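# Examining the three-dimensional arrangement
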Amino acid sequence: MEAAMRIGIRAHDMEQAPFEELVKNIHKKEFFCTHIALKKSIQEFSVDEEAMTPGMALYMKQVFAENKVDVAVLGCYLNLANPNPEKLRKIIDTYKAHIRFAAWLGCGVVGTETGAVNEEYRYEEANHSEEALQIFIQNVKEVVTYAEKMGVVLAIEPVYKHIVYNNQRARQVLDAIASPNLQIIFDPVNQISLENYTKQDEIIQSAFELLGKEIAVIHAKDFIIENDMVKSVAAGKGQFHYEPLIKLIKEKKPFIHVTLEDTVPENVFEAKGYLEELYAKA
């Protein structure tokens, strides 16, 4: 078999459907994997923490297996730097519930972004401070320790507006935690800002130089500059330089899960085809 990317899609970017139909539709669209955030994707039965039993996980695992769809990412995108102690405790407990569930489900990683120093989970300059970084490291350490016990990988996703906003900052976190159970979801577009969008090739290169061994999943979308803001769009619809990224994936990451983001059902085949064509040419 020729090595290739395992392209997938976020479950909540699909047409809304009951769980079993949703997974069948992912397979019908010839996706190999999915990124699933339970509450965004499943409506017909409870996916609250008390419902996240081994029975539910193994039922879902069977449905995914029957449709030949990997669960690349189990999403748990909550603020691990929330300054409210009660809310933070609940957030950490929710991460632990997702880690347990991931162990039973057999998914690739539990995915998270890296938070903000406010309860609203919004950008402020303090997110980029050294103090914010140390808060995140302290809080994520407990989650990673639990992931180690459960044999699960937690993967953090650097995002410009959040605490871990670039590849260098991600390297600091990996070195501070020093665990094989902490890895990286690389979404280059999430690191792009008005200040650095012309340096996107450097962002790609530094990711593979600094984080290459730990990159477990790639997120694929694009961006445009509109009204002095970076706006995300489907892959192939914007200004992102995909060629150097695809070349590095082909060279260094055979069979990696690559999940599309910011697609809609109307453009998903075009985005998927765009990546496949670039990969064939790389």
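Preceding this section is the structure that the text describes.
Along every chain, residues carry numbers that run from 1 in the direction the sequence is written. This being a predicted model, a pLDDT of at least 70 is required before a residue's local features are given, and a value of 80 or more before pairs of side-chain atoms are given or counted; all residues contribute to the totals for chains, interfaces and linings. The basis for every side-chain value is the complete set of non-hydrogen atoms in the structure, without hydrogens or water.

A few words on the side chain of Asn 139. Among the structural elements, Asn 139 can be located in helix H5 (residues 130-150). If sequence neighbours within four positions are ignored, Asn 139 has contacts with Leu 80, Ala 81, Leu 88 and Ile 92. Numbering of helices and strands starts at the N terminus; helices are DSSP runs of H or I of at least 4 residues and strands are runs of E of at least 2. Whether two residues are in contact is decided by their heavy atoms, any of which lying within 4.5 Å being enough.

Take helix H9 (residues 268-281) next. Residues that lie three or four places apart on an α-helix share one face, since the helix turns once every 3.6 residues. Compared with the 20 Å implied by 1.5 Å per residue over 14 residues, the 20 Å span of H9 between its first and last C-alpha is a close match. Next to the buried residues of H9 lie strand E1 (6-10), strand E7 (215-220), helix H8 (242-252) and strand E10 (257-260). Between the first and last residue of a helix there are one fewer steps than residues, each counted as 1.5 Å, and that sum is the expected span.

In this section: the packing of helix H6 (residues 167-177) against helix H7 (residues 200-211). The relative placement of two packed helices is expressed as an angle between their axes plus a distance between the axes. Running from amino to carboxyl end, H6 crosses H7 at an angle of 15°, the nearest separation of the two axes being 9 Å. Here H7 runs roughly parallel to H6, going by the angle between their axes. The interaxial crossing formed by H6 with H7 has right-handed handedness. Side by side, H6 and H7 meet where Asn 167, Gln 168, Ala 170, Arg 171 and Leu 174 of the first sit next to Ile 203, Ser 206, Ala 207, Leu 210 and Leu 211 of the second. Helix axes are fitted to C-alpha atoms over the stretch in contact, other axes to C-alpha atoms as well, and angles between N-to-C directions run from 0 to 180 degrees. Oblique is the label for any angle not under 35 degrees, not over 145, and not in the 65 to 115 range, which are roughly parallel, roughly antiparallel and roughly perpendicular in turn. Here is the rule for handedness: rotate from the far helix to the near one, and if that takes an anticlockwise turn smaller than a right angle the crossing is left-handed, while a clockwise turn gives right-handed.

Ring pairs are drawn from Phe, Tyr and Trp, using the six-membered ring of Trp, whenever the two centres fall within 6.5 Å, and their geometry is named by plane angle: stacked under 30 degrees, edge-to-face over 60, tilted for the rest. According to the stated counting rule, one finds ten aromatic pairs in the structure shown. For the ring pair Phe 19 and Phe 64, a centre distance of 5.5 Å and an interplane angle of 80° mean the geometry is edge-to-face. Linking Phe 19 in helix H1 (residues 19-28) with Phe 64 in helix H3 (residues 54-66), this pair joins segments that are 45 residues apart in sequence. With respect to burial, Phe 19 and Phe 64 carry one shared label: buried. Relative to Tyr 160, the ring of Tyr 123 lies with its centre 6.3 Å away and its plane at 20°, an arrangement referred to as stacked. Pair noted here: Tyr 123 is in the loop between strand E4 (109-112) and H5 and Tyr 160 is in the loop between strand E5 (154-156) and H6, with a separation of 37 residues, a long-range link. Look at Tyr 123 and you get partly exposed, because its relative accessible area is 37%. Summary of the burial criterion: residues with accessible area below 20% of their type's maximum are buried, those above 50% are exposed, and those between are partly exposed, where the area comes from a 1.4 Å probe applied to protein chains only. Relative accessible area serves as the criterion here: at 22%, Tyr 160 is assigned to the partly exposed category. Among the aromatic residues, those joined into a ring-pair cluster are Phe 19, Phe 45, Tyr 59 and Phe 64. Charges are assigned to positions over rings by a cutoff of 6 Å between ring centre and Lys NZ or Arg CZ, combined with an angular limit of 35 degrees from the ring normal. Over the aromatic face of Tyr 279 sits the side chain of Lys 250, whose NZ or CZ is 5.0 Å from the ring centroid. Positioned above the aromatic ring of Phe 31 is the side chain of Lys 272, whose terminal nitrogen or guanidinium carbon lies 5.8 Å from the ring centre.

Counting buried positions along strand E6 (residues 182-186) yields four of five residues, so the element is predominantly enclosed. The criterion for strand pairing is that DSSP finds at least two bridges linking the strands in question. Relative to E6, E5 runs parallel, the two being bridged by three bridges. Residue Leu 154 lies in a different strand from E6, and its bridge partner there is Leu 182. Once you follow E5 into H6 and on to E6, the crossover reads as right-handed. Looking at chain direction, E6 and E7 are connected through three bridges and run parallel. Each bridged residue has a counterpart across the sheet, and for Ile 184 the counterpart in E7 is Ile 215. Chirality of the crossover, the property in question, places the unit of E6, H7 and E7 among those that are right-handed. Whether a crossover is right-handed depends on one test, that the path from the first strand over the helix to the second runs clockwise when the strands point away from the viewer.

Before going further, it helps to spend a moment on the sheet that holds E7. Spatially, the eight strands close up into a barrel ordered E1-E2-E3-E4-E5-E6-E7-E10, and their pairing is parallel. Strand after strand, the sheet turns through a mean of 30° between neighbouring axes, direction not considered. On the sheet, H6 packs against E5 and E6 and is oriented at approximately 165° with respect to E6.

We now examine the environment of Lys 231. In this structure, Lys 231 sits in strand E9 (residues 229-233). Classification of Lys 231 as partly exposed rests on a relative accessible area of 40%. Sequence separation between Lys 231 and Glu 49 is 182 residues, and the spatial gap between their C-alpha atoms is 33 Å. If sequence neighbours within four positions are ignored, Lys 231 has contacts with Asp 222, Phe 223, Ile 224 and Glu 226.

Turning our eyes to something else, we now look at the state of the cysteines. A pair of sulfur atoms, both from cysteines and within 2.5 Å, is called a disulfide here. Within the structure shown, the criterion is met by zero disulfides. Counting only cysteine sulfurs, Cys 76 is the nearest neighbor of Cys 107, a cysteine outside any disulfide, at a range of 11 Å. By relative accessible area, which is 14% here, Cys 107 ends up buried.

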